[in-house]
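Listed below are the residues making up each chain.
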Amino acid sequence: MAEITAAAVKALREQTGLPMMDCKKALQDAGGDSGKAVELLRKAGAKVMEKRSGRATTSGRITIYLSPNAKVATMIDLRCESAPVSTNDDFVQLANDLAKQLAEGPGAASPAALLAQSSPSKAGSTLQQQFDDLTNRIREVFKLERIVRIDGVCGGYAHHNGANGALLEVEGNNPEAAKDICMHIAAMRPGVLNKEDLDPTLVAKEREILSAAARQEGKPEKIIEKMVEGRLHNFYAEHCLAEQPFVKDDKKTVAQAAKDAGLKLVKFVRWELPKE
């Protein structure tokens, strides 16, 4: 059996971040070959994580990436089991790498397709290897829940703790205003862009509720329809981004604020981590 030196164990420990005894055993089983030892450690870690695969992943990070040319934007939702892990430097790096590769690479139709691509920060490694090595070290279940890429001019915002984030595609060139509207989206949770995008069934139900309320108030039938249309304004403002009062100037709607900034709203994506 090859002699396993303390220096070799230390080097493997620094490479993998795993306990010294695990590294020593892997080197012994691999006959001193550090490359084989890494593979043995990965396989052992995979078996451990397979047993934990059913655990809930309700923490994590929503991370965005805006390309330097401002023509591609991405957002990813990377999950883990606990809040402390979501702030781990290596976990944050993995999230950043996933978002960057999704933007700067060829794109990906699924999380699995993205993970198969090269890591921007780990030369010679795929994102899947980076993902697996980190789960092996931290021993928590990770899941790349969602990915989205928009090929167009976008603003973006992710909350500092990664709990929510938004991308907004626009026509025009005002990055600061686009980001401000993304912050509004993250905070105010609109469901759709314009009132025309609402489910007609949902609008009809709200109209019925408002009509019934007006009748209970004793309003004449001939003015109820006009009253209901007026009261629907609050409903639209709750659900539609363009109709909401802008958080930075509530005398304007978001659509008006965008127009004043030289922007036209095209579409948005808003994600939020589940409440624990």
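Quick caveat, the model's predicted, so the values are computed rather than measured.

**Examining the packing of aromatic side chains**
Now for step 1: Tallying each qualifying case throughout the model produces 3 aromatic pairs.
Now for step 2: Their ring planes at 80° and their centres at 5.1 Å tell us that Phe-91 and Phe-142 sit as a pair that is edge-to-face. On the criterion of sequence distance, the pair formed by Phe-91 in helix α5 (residues 89–104) and Phe-142 in the loop between α7 (127–138) and β3 (143–151) is long-range, its members being 51 residues apart.
Now for step 3: A residue is classified by how much of its surface remains accessible, and Phe-91, at 0% relative accessible area, is buried.
Now for step 4: Joined through ring pairs, the aromatic side chains of Phe-91, Phe-131 and Phe-142 make up one cluster.

**Comments concerning the pairing of strand β4 (residues 154–158)**
Along any regular strand the residues' side chains alternate between the sheet's two faces.
Now for step 1: By the criterion of burial, β4 is predominantly enclosed, with 4 of the 5 residues buried.
Now for step 2: Where β4 hands over to strand β5 (residues 164–171), the hairpin turn is made up of 5 residues, of which Gly-162 adopts a positive phi near 75°.

**Let's talk about α7**
Now for step 1: End to end, α7 covers 16 Å across 12 residues, agreeing with the expected 16 Å (1.5 Å per residue, within 8%).
Now for step 2: Taken residue by residue, α7 has Leu-127, Gln-130, Phe-131, Leu-134, Thr-135 and Asn-136 as its buried positions.
Now for step 3: Immediately downstream of α7, the backbone of Arg-139 shows phi near 65°, a positive value.

**Describing the sheet that holds strand β1 (residues 59–66)**
Now for step 1: Sheet architecture is open: 3 strands sit in the order β1-β2-β3, paired in antiparallel fashion. Looking along the sheet, the strands with just one partner apiece sit at the ends: β1 and β3. Neighbour-to-neighbour, the strand axes of the sheet open up by a mean angle of 10°, direction not taken into account.
Now for step 2: Against the sheet, α5 makes contact with β1, β2 (72–80) and β3, and its axis sits at roughly 145° relative to β2, the strand it touches most.

**A closer look at unusual backbone geometry**
Now for step 1: Even without being a glycine, Arg-139 presents a positive backbone phi close to 65°.
Now for step 2: Locating Arg-139 in the fold gives a position in the loop between α7 and β3.
Now for step 3: We classify Arg-139 as partly exposed; its relative accessible area is 24%.
Now for step 4: Within the chain, Arg-189 stands out as a residue other than glycine whose phi angle is a positive 55°.
Now for step 5: Structurally, Arg-189 can be placed in the loop between α8 (175–188) and α9 (200–216).

**Regarding α8**
Counting along an α-helix, one turn takes 3.6 residues, and residues three or four places apart therefore face a common direction.
Now for step 1: The end-to-end C-alpha separation of α8 is 20 Å, in line with the 20 Å expected for 14 residues at 1.5 Å each.
Now for step 2: Within α8 the residues assigned to the buried category are Ala-177, Ala-178, Asp-180, Ile-181, Cys-182, His-184, Ile-185 and Ala-186.
Now for step 3: Along its buried surface, α8 packs onto β4, β5, β6 (245–246), α11 (254–260) and β8 (264–272).
Now for step 4: Just past α8, the residue Arg-189 takes up positive phi, approximately 55°.

**Comments concerning the nonpolar core**
Now for step 1: By size, the foremost hydrophobic cluster in this structure holds 21 residues, and its most contacted members are Ile-76, Leu-78, Leu-98, Phe-142 and Leu-144.
Now for step 2: Going through the elements one at a time, β2, α5, α6 (111–115), α7 and β3 are the ones with two or more residues in this core.
Now for step 3: Of the residues forming this core, the biggest block, 7 residues, is contributed by α5.
Now for step 4: Those residues in contact with Leu-98, other than ones at most four positions away along the chain, are Ile-76, Leu-78, Leu-114, Leu-115, Leu-127 and Leu-144.
Now for step 5: Counting residues in hydrophobic clusters, the runner-up holds 20 residues, among them Ala-166, Cys-182, Leu-193 and Leu-241.

**Considering the environment of Leu-114**
Now for step 1: Relative to the assigned elements, Leu-114 resides in helix α6.
Now for step 2: Owing to a relative accessible area of 0%, Leu-114 belongs among the buried residues under this scheme.
Now for step 3: When the C-alpha positions of Leu-114 and Gln-101 are compared, they lie 7.8 Å apart, and in sequence the two are 13 residues distant.
Now for step 4: The residues touching Leu-114, leaving out its near neighbours within four places in the chain, are Leu-98, Gln-101, Leu-102, Ala-108, Leu-127, Leu-144 and Ile-147.

Cut-offs and rules
Residues numbered from 1 in each chain as written. Predicted model: local features only at pLDDT ≥ 70, side-chain atom pairs only at ≥ 80, totals over all residues. Heavy atoms only, no water. Phe/Tyr/Trp six-rings, centres within 6.5 Å; stacked < 30°, edge-to-face > 60°. Helix = DSSP H or I, 4+ residues; strand = E, 2+ residues; numbered from the N terminus. Buried < 20%, exposed > 50% of the residue type's maximum accessible area, 1.4 Å probe, protein only. Pairing = 2+ DSSP bridges. Expected span 1.5 Å × (residues − 1). Axes fitted to C-alpha atoms, helices over the stretch in contact; angles between N-to-C directions. Contact = heavy atoms within 4.5 Å. Core = buried A, V, L, I, M, F, W, Y, C linked by side-chain atoms within 4.5 Å.

Geometric values such as these leave the question of function open.
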